[in-house]
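Fold and geometry: a report
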Amino acid sequence: MINDESIKKSLVSVRNIKKYFPVGGGLISKAKSYVHAVDDVSLDIYTGQTLGVVGESGCGKTTMGRLVLKLLNKTAGEIYFKGEDIYKYNKQQAKHFRTKAQLIFQDSFSSFDSRNKIGKIVGEPLVVHNVAKGQELEDRVAGLLRTVGLKPELMDEYPYTLAAGQKQCVGVARSIALYPEFIVADEPISALDVSVRAMMLNLLKDLQKSHNLTYMFISHDIRVVRWLSSHIAIMYVGKLVEYAETPEVFAHRLHPYTEALLTAVPIEDPTLRHIKCEILLGEVPSPVDPPPGCRFAPRCFLANERCFKEDPQLEERRPGHWVACFEDFEGQAEIS
Amino acid sequence: MVEAAQDILKVNGLSTSFLLREGEIKAVDNVSFSLKKGEVLALVGESGSGKTVACLSLLRLIRWPPGKIKSGEVILDGQNLFDIPLKDMHKIRGLGIAMILQEPMSSLNPSIIIGRQIQEAVELNQGLSGEEAKKKAIEMLELVRIPSPEKRYYNYPHQLSGGMKQRIMIAMALSCKPKVLIADEPTKSLDVTIQAQILRLMQALRNDIDTTILFVTSDLGIVAEMADRVAIMYAGQVIEICDVFKLFTNPAHPYTKGIMKSIMALKTGERLNIISGDPPNLMALPTGCTFHPRCDYCQEKCRTEVPQYDDISGEGTHMVRCHFPLGVDKTQAEGKGK
Amino acid sequence: AGRADKESITIALQGELTTLDAQYPDDGNMRPITQNIYDTLYVLEKETLEPKPWLATGMNLVDSLTWEFKLREGVKFHDGSPLTVEDVVFSINRNISPELNSQFLNSVDAIDHAEAVDANTFRIVTKEPDPLLLKRLTLIPILSKAFTEAHTANELTLVANGTGPYKFVEWKSGSHVKITANENYWGEAPAIKNATYRFIEEKLTALSALQAGEVDLAVNILPEYVENTPKVFTNTSFETYWVRFNQIPENNSVFKNKDLRLAANYAIDFNTIAEALFLGYATPCQGQMGRDGYVGYNPNIIEYPYDVEKAKELMKAAGYNGEEIEFVSQRGRWLKDGELTEAIASYLLEAGFNVKTKILSWSEWLNVLFDKTKAPDIILSSNSNDFFDMDRPFSACVLSTSSQSAMNNPEYDAAILAARQELDTAKRQAMYEDLAAKFHEDPFALYTLSINDLHGGAADLNWTPRRDTRLYLIEMSFSD
Amino acid sequence: MAKKNTIKNTAKKKVTLWKRFRNNKAALIACIVLIVLLTMIFAASVFTSYNVNTSDLRARLSPPGTPGRAGNSNHILGTDQLGRDLFARLLYGGRASLRVGFTVTVIGAIIGIVLGLSAGYFGGWTDMIIMRLVDIWSSAPTLLIAMTVVMIMGPGEGNLIIALSIASWTLFCRMARSQALVMRNSPMVESGHAIGVSTPQIMSKHVAPNILSPLVTTFVIETAHFINAEANLSFLGFGVQPPDTSWGLILGEGRKYLVQAPWIVIYPGLVIGITVLCLNLIGDWIRDEFDPLAVKH
Amino acid sequence: MGMGKYILQRLAFTILVVLVISILVFVLTRVVGNPVDILLPLTATTEQRELLTKQLGLDRPMIQQLGDFLKSAATLDFGDSWTQRRPSMEVIFDYLPISALLILCAMAIAVLVAFPLGIIAAYKRGSLLDRFLTVLSLVGICMPPFWIGLMLMFFFAVKLGWLPTSGIGTWKHFILPAVTISFRPMGNLAQIVRYEMTQQLGEMYAITARAKGVREINLLRKHALKNIMTSSITMIGNDYCKQLGGLSAAVEVVYGFPGFGHLIKETIQSMDYPLLQAEVFFTAVIVCLINLIVDILYAAFDPRIRY
Ligand SMILES: Nc1ncnc2c1ncn2[C@@H]1O[C@H](COP(=O)(O)OP(=O)(O)OP(=O)(O)O)[C@@H](O)[C@H]1O
Ligand SMILES: Nc1ncnc2c1ncn2[C@@H]1O[C@H](COP(=O)(O)OP(=O)(O)OP(=O)(O)O)[C@@H](O)[C@H]1O
Ligand SMILES: [Mg+2]
Ligand SMILES: [Mg+2]
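Residues numbered from 1 in each chain as written. Chains lettered and ligands numbered in written order. Predicted model: local features only at pLDDT ≥ 70, side-chain atom pairs only at ≥ 80, totals over all residues. Heavy atoms only, no water.

1. Regarding the interface of chain E and chain D
Accessible area lost during the coming together of the parts is what is often quoted as the interface size. The cut-off we apply is this: Contacts are assigned to residue pairs that have any heavy atoms within 4.5 Å of one another. By definition, the buried area sums, over both parts, the 1.4 Å-probe accessible area that each loses when the two are put together. When a carboxyl oxygen of Asp or Glu is within 4 Å of a side-chain nitrogen of Lys or Arg, the pair counts as a salt bridge. Within 3.5 Å is the distance limit for a polar contact, defined as a pair of N or O atoms, with the added protein rule that one can donate a hydrogen and the other accept it, and that residues adjacent in sequence qualify only through two side-chain atoms. Secondary structure is summarised from DSSP: a helix means a run of H or I of at least four residues, a strand means a run of E of at least two, and numbering begins at the N terminus for each. Put simply, Ala, Val, Leu, Ile, Met, Phe, Trp, Tyr, Cys and Pro go in the nonpolar bin, Asp, Glu, Lys and Arg in the charged bin, and everything else, Gly too, in the polar bin.
Contacts between chain E and chain D engage 47 residues on the former and 41 residues on the latter. Interface area for chain E against chain D, summed over the two sides, is near 3900 Å², with a carbon-plus-sulfur share of 80%. At the junction of chain E with chain D, the criterion picks out 0 salt bridges. Taken together, the connections running from chain E to chain D amount to 2 residue pairs in polar contact (both at pLDDT 80 or more). With 10 residues, the top contributor of residues to the side of chain E that touches chain D is helix H1 (residues 3-32) of chain E. Tallied by class, residues from the side of chain E that touches chain D come to 36 nonpolar, 8 polar and 3 charged.

2. A word on the confidence of the model for chain E
All names here are of chain E. Operational definition: pLDDT runs from 0 to 100 and stands for how confident the predictor is about each residue.
Taken over all residues, the pLDDT of chain E has a mean of 84, while the share at 70 or more is 96%. For chain E, the element scoring lowest by mean pLDDT is helix H2 (residues 35-39), at 72; helix H5 (residues 88-123) scores highest, at 90. We note a pTM of 0.82 for the whole complex and an ipTM of 0.80 for its interfaces.

3. Quick word on the coordination of the magnesium ion (ligand 4)
Ideal values for angles at a metal depend on the geometry: 109.5 degrees with four tetrahedral donors, 90 or 180 degrees with six octahedral donors. Residue and element names in this part refer to chain B. Our working definition: Metal-coordinating donors are taken as N, O and S atoms lying within 2.8 Å of the metal, or within 3.2 Å when the metal is Na, K or Ca; because water is left out, some sites can appear incomplete. Buried, partly exposed and exposed residues are distinguished by accessible area as a fraction of the type maximum, computed with a 1.4 Å probe on protein chains only: under 20%, between the cut-offs, and over 50%, respectively.
Protein ligation of the magnesium ion (ligand 4) involves Thr52 (OG1) and Gln102 (OE1), the donor distances falling in the range 1.8 to 2.7 Å. Residue threonine 52 is found in helix H1 (residues 51-58), and its partner glutamine 102 is found in the loop between strand S6 (97-100) and helix H3 (114-126); the two are separated by 50 residues along the sequence. In this structure glutamine 102 comes out as buried when scored by relative accessible area, which is 16%.

4. A few points about the site of ligand 1
Residue and element names in this part refer to chain A. Put simply, the rule is: Put simply, a residue is near a molecule or strand once any heavy atom of it comes within 4 Å of that molecule or strand. Note on areas: these come from Shrake-Rupley sampling with a 1.4 Å probe, and a residue is covered only by the protein chains present in the view.
In the neighbourhood of ligand 1, the contacting residues comprise Phe21, Val35, Ala37, Ser57, Gly58, Cys59, Gly60, Lys61, Thr62, Thr63, Glu187 and Pro287. Between ligand 1 and cysteine 59 there is a distance of 3.3 Å, counted from an oxygen atom to a backbone nitrogen or oxygen. Glycine 60 has a polar backbone atom sitting 3.0 Å from an oxygen atom of ligand 1. Against a free-state accessible area of 630 Å², the protein chains account for coverage of 62% of ligand 1. Put simply, the parts of the chain that give the shell around ligand 1 at least two residues each are strand S2 (33-45) and helix H2 (61-68). Here the shell around ligand 1 gets 3 residues from one element, more than from any other, and that element is H2. Here the residues of the shell around ligand 1 sort into 5 nonpolar, 5 polar and 2 charged.

5. Section: the side chain of Lys165(B)
Residues and elements named next belong to chain B. Under the convention used in this document: We count Lys and Arg on the positive side and Asp and Glu on the negative side, and we leave His and both chain ends out.
The topology assignment puts lysine 165 in helix H6 (residues 162-174). Glutamate 103 is the oppositely charged side chain nearest to the buried, salt-bridge-free lysine 165, at an N-O distance of 8.6 Å. Setting aside chain neighbours within four positions, we find lysine 165 in contact with Pro104, Met105, Leu108, Pro157 and Leu160.

6. A look at unusual backbone geometry
Backbone phi values are negative for most residues with the exception of glycine, while trans is the configuration of most peptide bonds. Here the phi dihedral of Lys70(A) falls at roughly 60 degrees; this positive angle occurs in a residue that is not glycine. Examined against the element boundaries, Lys70(A) turns out to sit in the loop between H2 and strand S4 (76-81). Here Leu76(E), not a glycine, exhibits a phi torsion of approximately 60 degrees, which is positive.

7. Details of the packing of aromatic side chains
Note the threshold: To pair, rings of Phe, Tyr and Trp, with the six-membered ring standing in for Trp, must have centres within 6.5 Å; the planes then decide the type, stacked if under 30 degrees apart, edge-to-face if over 60, and tilted in the middle. Geometrically, a charge over a ring is one whose NZ (Lys) or CZ (Arg) sits within 6 Å of the ring centre while staying within 35 degrees of the ring normal.
Counted according to the given criterion, the structure contains 45 aromatic pairs over all chains. A centroid spacing of 5.2 Å and a plane angle of 75 degrees characterise the contact between Phe81(A) and Phe97(A), whose relative ring orientation is edge-to-face. Here Phe97(A) lies in helix H3 (residues 91-100) and Phe81(A) lies in strand S4, a separation of 16 residues in the sequence. The exposure class of Phe81(A) is buried, given its relative accessible area of 5%. Arranged with centres 6.1 Å apart and planes meeting at 70 degrees, the rings of Tyr241(C) and Trp334(C) form a pair that is edge-to-face. Taken together, the positions of Tyr241(C) in strand S13 (residues 239-245) and Trp334(C) in the loop between strand S15 (324-330) and helix H11 (337-351) put the pair 93 residues apart, joining distant regions of the chain. Exposure remark for Trp334(C): the relative accessible area of 16% places this residue in the buried category. Ring pairs connect the aromatic residues Trp242(C), Tyr266(C), Tyr304(C), Phe394(C), Tyr412(C), Tyr432(C), Phe439(C), Phe444(C) and Tyr447(C), which therefore count as one cluster. Note that Lys167(A) overlies the ring of Phe109(A), its terminal NZ or CZ placed 4.3 Å from the centroid. Positioned above the aromatic ring of Phe278(C) is the side chain of Lys336(C), whose terminal nitrogen or guanidinium carbon lies 6.0 Å from the ring centre.

Listed below in structure tokens is the structure:
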């Protein structure tokens with residue numbers, strides 16, 4: 001389904017997007033090598049759905065999120081929002097896009113200007129886009145705070161007076177202030193404690209329903225992604241390796257990496273502790289100038305010669321289930 | 001009650017505070033638990049609940065100012081560590097209790113080759129020196145499955161990946177040949193696949209070497225994988241200690257129960273169970289039971305009276321700090337309390 | 001008791017010399033050393049300040065421009081070569097040559113040239129009749145021709161070969177110069193055999209060194225140090241402070257008015273300044289630039305009394321209306337120059353002169369002094385009269401062609417030039433006395449004060465400082 | 001060691017600035033001393049009846065406590081080499097010293113911050129050129145150049161300020177740049193971009209105010225530094241000239257009389273030391289209090 | 001990047017720095033100053049002045065002067081000093097080494113005192129001793145060095161007579177100036193050592209080391225010391241450069257020490273441009289070299305840094 005047609009149907013479409021960061025090299029000498037942070041990724045996100053992006057640290061999840069929001073310059077490829085390429089927007093459109101697509105940070109607190117009060121932080125998008133001022137602004141901010149489950153009185157507090165979970169809620173309030181349609185949530189719960197995490201996840205889900213939001217939910221915690229997302233995209237060192245609806249992924253793991261990733265997650269059941277299958281050896285390779293071939297090949301238990309030479313392309317192996325692997329693999333292990 | 005003789009480590013009424021100019025933080029408050037030889041006790045709790053401070057207190061590594069161990073006793077193999085003069089504590093550290101820290105990235109000295117760092121532990125605790133110690137250090141590297149250990153011996157920490165560094169940490173702790181090994185969230189900053197490797201390694205080592213481990217974590221999945229028994233910490237206090245199976249089936253403290261519920265819901269996709277309210281402020285703890293403002297079962301007594309540490313199993317295997325533990329007859333519990 | 005080594009002396013100078021080529025610089029830190037290494041044809045008699053023959057043995061005026069001298073025989077340079085007439089002629093001609101551009105060229109360029117007559121006779125020809133020639137010869141060090149020609153200009157800064165009582169030993173940059181007695185000296189053998197000159201710029205440091213016994217003689221100490229000094233050596237000297245009035249016709253200065261010039265002289269209590277600021281180690285001027293012992297001193301002039309009322313009267317009469325008066329000075333060059341400036345300014349202010357003091361750096365100050373278009377109303381300067389002859393101050397301060405003067409009076413110019421060429425001593429004296437009286441009536445400056453030489457030394461040092469300030473080691477000794 | 005955010009943050013609410021200040025006794029004392037000193041310096045005529053420039057040659061080098069002439073108060077700190085009241089001179093001289101220290105730092109801060117922010121913000125060639133300039137400048141013997149400048153242009157307060165400003169901007173430039181770089185990549189700026197705040201607005205509203213606190217610290221400490229520098233140059237004769245006066249000048253002029261009149265040297269030295277010390281303590285305090293993560297420069 | 005290449009790069013930069021600064025000073029002095037008056041006595045005549053102007057070549061167009069200067073400077077020939085009338089290089093070599101040595105002594109004193117003090121303070125941080133040491137190091141930073149010099153000279157040389165007041169000659173002559181100069185770097189260093197040590201002792205690796213039984217003293221010695229070296233070395237290098245670049249002048253003047261700072265002061269006062277130019281050149285070169293050495297030392301102490 002990842003084709004030209006789906007661009008029109010989907011809310012966000014990513015096509016062959018690439019982002020290379022230059023490393024080394026000074027200002028005079030040319031950069032010597034590049035971090036292939038995101039390397040030729042294509043996928044679609046449909047209105048009202050949630051795409052969970054999963055992968056190990058440094059695989060390019062954050063970069064993906066930033067690209068989709070046009071917070072970074074791309075190296076190549078296109079990203080469509082409602083069928084239009086966001087990198088071809090004019091100034092006006094770009095500004096409008098900012099009201100439609102938003103970002104939730106991992107650590108919202110650090111994204112606040114800590115000298116400002118919460119009211120100002122939450123209201124800033126409204127002010128910037130001239131949506132409201134004066135009393136109306138205050139009312140809207142109060143409403144937003146209530147929406148995310150905070151007391152409106154907090155408006156006059158400074159963010160550092162809040163607990164971690166509340167700060168994150170303020171971040172969410174700021175993000176939804178302009179009634180966006182699309183939100184990229186970059187590990188919004190990984191800095192939170194178990195007891196607060198649940199509240200946050202519920203909030204995200206509720207907001208999705210009430211505001212008809214579309215999420216790109218970035219996380220390395222597959223358990224959470226499974227709970228929240230309708231689709232899952234699994235990334236490995238800048239590449240998209242598997243992409244399908246959530247139940248489909250859990251039922252048919254077509255990429256050996258997905259299998260390894262899912263089986264590596266500890267099972268929250270002491271009775272099952274000894275029936276774990278083989279774990280993945282080795283370490284995540286560096287994304288700096290990766291060698292040709294499948295990037296997972298060095299750790300893959302199925303790897304053959306071809307895998308080290310050719311780069312497997314994403315293909316639809318099952319209906320709506322895309323995978324980038326030469327082997328005809330399907331996961332066997334039992335995933336609780 | 002299990003006889004004390006079996007307990008290799010026994011902690012009684014340990015309290016540690018940080019005296020800041022803003023006020024006192026009771027990071028660890030009247031914590032008691034014990035470890036039997038060869039078992040793995042998981043210390044579980046949210047961030048800031050005092051796990052690390054409790055572990056550091058065992059080794060008397062709390063730095064004054066601002067930290068201070070206020071009371072309690074730590075009995076290792078019959079010897080109360082708090083009776084030993086502080087300047088002699090270095091003899092206990094390593095050989096008696098060794099520790100693996102949470103952050104592999106910063107827990108190794110960046111300017112010393114890793115081999116030397118392990119060797120130092122060997123020299124200090126195994127009485128070896130020179131070539132012998134070096135050989136032993138390389139052996140330890142091999143033990144934690146570091147490829148080509150002779151070469152890696154000369155690497156600086158920054159030349160290793162996070163997973164490798166954590167293995168080095170483990171090797172270092174193990175080369176102390178400790179009676180008790182404390183692992184403070186050894187996989188917190190690692191990726192799942194690497195975490196799995198480390199956990200697998202620790203399981204294997206445990207089977208081989210048979211050490212006693214105090215395993216600190218905030219991930220109940222890891223608890224399920226690793227622990228024999230679990231101690232749950234909340235706001236500086238241990239609120240529940242029990243067998244790992246019991247924890248996942250029949251938790252008695254409302255907090256534990258709440259967390260368990262939301263974890264289960266994650267799997268099934270239901271709406272998550274919420275523990276309302278905010279994590280406690282250690283500087284201004286609620287009166288009575290510290291959990292009462294967030295507790296669904298809170299009663300008048302909870303607000304005023306500090307709950308005792310009760311044995312609800314009757315065999316000393318399930319201890320709870322709650323006036324009204326779940327799944328236990330109230331009156332029975334009441335009776336126990338008195 | 002007494003010191004163990006009576007033959008060695010350490011002298012603290014105020015700074016480091018720049019070169020040992022004594023003919024080039026006008027350097028107060030070099031002279032004390034080179035005066036002991038080089039001889040001159042004439043020296044000043046200690047008491048009378050009259051020139052007396054030294055390397056020259058006799059003089060004979062051939063005509064009003066040509067002087068013939070006999071050279072002392074048997075004199076040897078430190079390198080063993082004998083002193084010849086060639087050396088003398090070479091030395092004189094070198095010192096006056098434009099190529100060398102000696103810093104004291106203006107003191108010797110009255111000489112046209114020198115020439116040899118026979119093996120021990122030579123002649124010096126002056127450009128005009130020159131009554132001061134013999135005094136000029138006290139400035140010219142006699143060098144060895146062969147030695148000087150054998151070295152490059154750069155090398156000459158670091159070597160010395162004279163006929164004097166002491167030989168150069170070493171010069172440690174920034175630290176000291178050592179000289180030792182010349183065994184082959186033609187004159188009397190000195191009591192002190194070795195001398196070390198240390199360069200100590202800080203006055204306090206020099207005093208400390210003296211107190212600590214590290215040095216035996218510290219030159220030019222502060223009057224305040226006298227009580228902390230084991231032994232004080234003092235004598236009058238030839239440095240005179242003067243504050244120049246701007247009388248340049250093109251300039252717009254209030255001091256073109258004679259009454260105001262007089263008023264200013266009345267307004268300042270130089271006796272108090274000499275007493276309080278210099279603790280008595282200074283001599284107020286007697287209403288003239290000259291002083292006792294100078295050729296041309298006028299003993300009949302009495303000093304301006306300190307009389308503020310009179311000053312105010314004069315100012316009123318002159319119609320002074322509080323116009324701003326710019327007082328330029330510098331500090332750090334001469335003894336207490338900055339303090340003296342402030343003291344003078346504060347007296348003038350008290351009398352009602354609206355003085356604005358401006359202290360400049362040495363280079364700016366020079367610029368202002370020499371550039372007549374920039375001349376301030378008053379400027380503090382110093383005149384050193386090392387010939388003890390009134391020609392020096394008058395031609396420097398009054399003569400309109402002088403770079404330092406700030407007046408243009410053809411009558412005075414003519415009188416000064418006439419006196420300069422008068423070979424008859426009595427006539428000259430009369431001419432200068434006359435000029436001094438005129439300048440008392442019509443002052444060209446605030447005649448301020450002369451400072452005395454003041455040195456501190458070890459208690460057992462025997463020495464009488466000379467009025468010509470020369471530090472001849474040969475005159476020093478240690479007592480038991 | 002461990003995260004203490006939650007605790008510290010909630011606690012912060014209750015602890016006011018004043019209370020925190022009170023907790024750092026050294027800084028509090030420093031502040032009080034400095035305020036007293038500044039009051040005395042800027043209201044000098046209230047504290048002393050003497051004129052700075054009225055000399056009394058008969059009362060030269062009088063020791064502290066000597067009765068003043070004709071109805072004037074005692075010379076509590078004695079008199080100087082021209083018989084002027086040392087206490088009065090210290091008060092009036094302080095004005096020049098503080099003026100130099102402050103002005104030089106202000107000039108340096110303005111130049112440095114503008115250049116530094118431009119470098120950090122524009123990056124690329126701008127950054128390279130500015131930073132090379134800073135590098136070159138840091139390798140330059142700035143003190144030597146400053147002395148040369150004073151000598152050529154003539155000593156005096158104005159020229160001294162110009163000369164010292166030559167040396168004062170690089171530190172600010174470096175700091176402003178690094179702060180701007182940190183800020184440029186911070187989530188705060190990204191968050192601003194994400195909601196559509198324009199870049200200039202982000203710079204002025206969010207970045208600039210947030211980099212202020214480390215710069216304020218530097219400012220205070222640099223002021224202290226340049227008060228010392230003024231003393232150093234005035235001591236060597238390259239600084240303020242009479243009839244103006246400054247602490248450095250008093251020391252430079254009076255140092256000859258250390259043995260006869262130690263007070264001329266001791267008191268100005270102490271006053272400089274105390275002022276600089278106070279400023280340093282306050283600077284340290286500002287750093288600790290407002291910017292706990294800042295690394296010492 | 002290889003070490004060799006790095007050094008080459010730094011040397012190229014050094015040349016750039018020296019070039020820029022030399023030209024700057026050249027232009028500055030020629031445009032504004034007039035040295036001729038200074039070089040001649042007050043009584044010198046106008047002709048004498050003109051003659052000297054010509055002899056010094058100051059009458060030629062600026063560009064030509066600059067060109068000549070650059071040409072000869074390329075061969076390290078800055079011309080004869082106008083006041084000392086010998087090659088400027090020679091003069092520099094008379095004064096520079098001794099100052100370099102003096103400041104080295106001062107730095108050695110500073111290091112020897114500051115390291116133990118800073119470490120003790122860090123070890124016992126918060127204690128009375130710590131506070132005392134902190135104040136002490138602050139005093140070292142705050143008091144004007146020449147003032148300290150005057151005081152020390154007054155007490156130790158004049159009152160007690162233990163040490164010579166001024167000059168050079170024996171090692172004793174170095175003691176007072178070196179101690180005086182050492183105050184400021186000592187204060188700086190003690191502060192940074194204390195600060196960094198405190199940081200290091202709170203680092204995770206320090207806890208690890210303690211947990212394996214390393215004694216506190218060994219932790220300081222074997223583990224932490226190496227890690228604070230980079231910042232300490234930066235500080236030492238910096239202070240050394242500053243002192244040599246003229247900061248020590250006041251102290252050298254007080255002690256009548258014939259050093260480079262003293263020379264700088266005199267040179268500037270006498271507007272001896274060739275010598276000044278040579279001084280600027282050498283200071284800039286030394287600063288660059290010291291920075292290079294500091295950079296190279298970094299690599300020795302911090303394995304993460306490679307060139
Ligand atoms: N501004 C940048 N400059 C250079 N490299 C970058 C930059 N941003 C990211 N990278 C590199 O790109 C790669 C992908 O980074 P990214 O932050 O997208 O990973 P991630 O999947 O979000 O990781 P994490 O789970 O740690 O957040 C990493 O190797 C990172 O080092
Ligand atoms: N050095 C310290 N100074 C002040 N407070 C401290 C210090 N160390 C710990 N604390 C406080 O003690 C409390 C317990 O901290 P501790 O590190 O033991 O938590 P933890 O359970 O290990 O959390 P985490 O899961 O984040 O490691 C925290 O709230 C913290 O604020
Ligand atoms: Mg990320
Ligand atoms: Mg912890």
